[in-house]
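A closer look at the structure
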Amino acid sequence: MKIKNLFFFFLLFSLILNLNVSIKAEDNVNTYPSAYLPVDNYEFGPVVEGAEIDHQFIIQNKGTAPLNIEKVKTG
């Protein structure tokens, strides 16, 4: 009888532990920003020196947390 009770206790303990880990894993799903650029480059072509050129890139946040763009530089 003790072996049966011990087995039941370990089974119950492992189920509770597994359930707890599963719940915590679900809490962390998609809780991060994810930057998505439909077009990630643009070819300006020939540019006269001193001319001002402009192009707007679309950046979408596909994640669930806010996306903060803190630093942008040209390449």
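Refer to the structure printed above.
The sections below set out a description of the structure shown in this document. In this text the structure is predicted, and so the values were computed from the model without any measurement.

Per the secondary structure count, the protein includes 1 helix and 2 strands. The helix and strand sequence of the protein, counted from the amino end, reads α-β-β. The proportion of buried residues among the 75 residues of the protein is 1%. In the protein, once contacts between residues fewer than 6 apart in sequence are set aside, the share between residues at least 24 apart is 51%.

Right, let's talk about the layout of surface pockets for a bit. In this structure, the largest pocket occupies an estimated 320 Å³ of space. Taken together, 11 residues form the lining of the largest pocket, with His55, Phe57, Val72, Lys73 and Thr74 sitting closest to its centre. Across the lining of the largest pocket, the residue classes tally to 6 nonpolar, 3 polar and 2 charged.

Right, let's talk about the packing of aromatic side chains for a bit. The geometry of an aromatic ring pair comes down to the distance between the two centres and the angle between the two planes. Evaluated as defined, the whole model comprises 1 aromatic pair. Measuring from ring centre to ring centre gives 4.9 Å for Tyr42 and Phe44, while their planes differ by 80 degrees; the resulting arrangement is edge-to-face. Overall, the relative accessible area of 43% leaves Tyr42 in the partly exposed class. The exposure class assigned to Phe44 is partly exposed, which follows from its relative accessible area of 38%.

This part is about the environment of Asn41. Its place among the elements puts Asn41 in the loop between β1 (35–36) and β2 (60–61). Residue class for Asn41 comes out exposed when judged on its relative accessible area of 56%. Residues Asn41 and Phe57, spaced 16 residues apart in sequence, show a C-alpha to C-alpha distance of 8.4 Å.

Each value, and the rule that gives it
- Residues numbered from 1 in each chain as written.
- Predicted model: local features only at pLDDT ≥ 70, side-chain atom pairs only at ≥ 80, totals over all residues.
- Heavy atoms only, no water.
- Helix = DSSP H or I, 4+ residues; strand = E, 2+ residues; numbered from the N terminus.
- Buried < 20%, exposed > 50% of the residue type's maximum accessible area, 1.4 Å probe, protein only.
- Contact = heavy atoms within 4.5 Å.
- 1 Å grid on protein atoms, 1.4 Å probe; cavity = no way out; pocket = protein on both sides within 12 Å on 5 of 7 lines; lining within 4 Å.
- Points joined across faces, edges and corners; volume = space filled by probe spheres on them.
- Nonpolar A, V, L, I, M, F, W, Y, C, P; charged D, E, K, R; others polar.
- Phe/Tyr/Trp six-rings, centres within 6.5 Å; stacked < 30°, edge-to-face > 60°.

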